[in-house]
Amino acid sequence: MIALKNDTFLRALMREPTEYTPIWIMRQAGRYLPEYKATRARAGSFLGLAKSPDYCTEVTLQPLDRFPLDAAILFSDILTVPDAMGLGLYFAEGEGPKFERPIRTEADVKKLPLADMGSLQYVTDAVRQIRGALDRRVPLIGFSGSPFTLACYMIEGGGSDDFARVKTMMFQRPDLLHAILEKNTESVIAYLNAQIDAGAEAVQLFDTWGGALSHHAYQEFSLQYAKRVMAGLKRENEGRVVPRIFFTKGGGLWLESMAESGADALGLDWTIHIGEAKKRVGDKVALQGNLDPLTLFAPVDVIAREAERVLSDFAYDQNATGHVFNLGHGISQFTDPAHVEALVHAVHRARTGM
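What counts, and where the lines are drawn
Residues numbered from 1 in each chain as written. Predicted model: local features only at pLDDT ≥ 70, side-chain atom pairs only at ≥ 80, totals over all residues. Heavy atoms only, no water. Core = buried A, V, L, I, M, F, W, Y, C linked by side-chain atoms within 4.5 Å. Buried < 20%, exposed > 50% of the residue type's maximum accessible area, 1.4 Å probe, protein only. Contact = heavy atoms within 4.5 Å. Axes fitted to C-alpha atoms, helices over the stretch in contact; angles between N-to-C directions. Helix = DSSP H or I, 4+ residues; strand = E, 2+ residues; numbered from the N terminus. Parallel < 35°, antiparallel > 145°, perpendicular 65-115°, else oblique. Left-handed = near helix turned anticlockwise from the far one by under 90°. Nonpolar A, V, L, I, M, F, W, Y, C, P; charged D, E, K, R; others polar. Polar contact = N/O pair within 3.5 Å; in protein donor to acceptor, adjacent residues only side chain to side chain.

Asker: Would you mind going over the nonpolar core with me for this structure?
Answerer: Soluble, globular proteins show a tendency: their nonpolar side chains are buried together. Formed by 124 residues in total, the largest nonpolar core has its most connected members in Phe9, Phe246, Leu266 and Leu343. Those residues in contact with Phe9, other than ones at most four positions away along the chain, are Pro22, Trp24, Asp70, Ala71, Pro139, Ile141, Ala202, Ile245, Gln288 and Val324.

Encoded structure:
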């Protein structure tokens, strides 16, 4: 096993004692950083950036060179998987991701292949390259969208406000939605295991749209497939356990069942009191979160106060093990980097006195 210079993040995920609460930030490599914007301009397009291991390495390390974060996360996009299933991913200016060939009919579902892992080699190449560039500084997180979240984009053909096409299929032809989810699940397992083999030291499953479902629909169409992903992941690599994080945005109603998913940690959005979440899941999982991302628009003293509130709410019983500090969702592109720096220092200072 190759020893990390800072393994605080991994120990927290496994609910082991840590000297301080580790922190990373969802979308920490991204548009709020001027150096990212410069790299993105050189790449010429988002896909040109995302499909280049050299550029991915550069932007993955950019936030770590600015802030003393406790983990790096692979720069990529959750839609690489359906792109590798032949759907034709592209980015329309001002409109976000789109697919040339969405999946909407029985014929579409029948001809939908599993994701071609060969066409995703640029991702595993990036993981290997980033690991080398990190030089054991901090762990590297790999990730994927959940089977249900990927299905939302695949059926809608892009983003959606109401997921009308997805839910229409769910109610009219649940068999078709289940068939898509079966293929997505197998593809996501292969994709995350490939990232683990390439050197990812933890993985996160992003169920961004699971919270749009009703209670019963979440159990049937999102959670059961997330459980299968967790069960299919490699548990160890390089002599070390590879922790698994499961994040459902809007999933606060289902924490108890999410804690039985096989994940080592649950990501929380900002709508949940983290101390109450801790009481509900007990010692089954660690927790990650859960500051409102727009708190970073506040003055730095308010940011520090709100960060300390999250930390205090988690450690209501003075047992602060098993917490990774994060935002409740991705950081806004309009965030001042100086405010991120203030947040990181506030989190680290809260328990170390530094």
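Picking up where we left off.
Asker: When you look at the packing of helix H13 (residues 274-281) against helix H14 (residues 300-314) in this model, what are you seeing that I'm missing?
Answerer: A pair of packed helices can be characterised by two numbers: the angle between their axes and the separation between those axes. Closest axis-to-axis distance for the H13/H14 pair is 7 Å, and the angle between their directions is 25°. Relative to H14, the element H13 is oriented roughly parallel. Here H13 and H14 pass one another in a crossing that is right-handed. Touching Ile274, Gly275 and Lys278 of H13 are Val310, Asp313 and Phe314, all from H14. Residues belonging to the contact of H13 with H14 are distributed by class as follows: three nonpolar, one polar and two charged.

Asker: Is there a simple way to explain unusual backbone geometry in this structure?
Answerer: One can expect most non-glycine residues to show negative phi and most peptide bonds to be in trans. The linkage connecting Gly289 with the following residue, Asn290, adopts the cis geometry, with an omega of -5°. Within the secondary structure layout, Asn290 lies in the loop between strand S10 (286-288) and H14. The phi dihedral of Asp135 falls on the positive side, at around 50°, and the residue is not glycine. Relative to the elements of secondary structure, Asp135 occurs in the loop between helix H7 (121-134) and strand S4 (140-145). Relative accessible area serves as the criterion here: at 43%, Asp135 is assigned to the partly exposed category. Unlike most non-glycine residues, Arg136 shows phi in positive territory, near 70°. We classify Arg136 as partly exposed; its relative accessible area is 35%.

Asker: How should the side chain of Gln62 be read in this particular structure?
Answerer: Structurally, Gln62 can be placed in helix H4 (residues 53-66). Among the polar contacts listed, one links the side chain of Gln62 to the backbone nitrogen of Tyr36, at a separation of 3.3 Å. Those residues in contact with Gln62 that sit more than four places away from it in its chain are Leu33, Glu35, Tyr36 and Thr39.

Asker: Can you help me understand the side chain of Ser76 in this one?
Answerer: Note that Ser76 resides in the loop between strand S1 (72-73) and helix H5 (80-83). We classify Ser76 as buried; its relative accessible area is 11%. Residues within four places of Ser76 in sequence aside, it is in contact with Phe46, Val123, Phe143 and Tyr191.

Asker: Would you mind going over the environment of Tyr218 with me for this structure?
Answerer: In this structure, Tyr218 sits in helix H11 (residues 215-232). Remark: the alpha-carbon pair of Tyr218 and Leu10, spanning 208 residues in sequence, is separated by 29 Å. Look past the residues within four positions of Tyr218 in its chain and what remains in contact with it is Asp207, Gly210, Leu213, Leu223, Phe246, Thr248, Trp254 and Met258.

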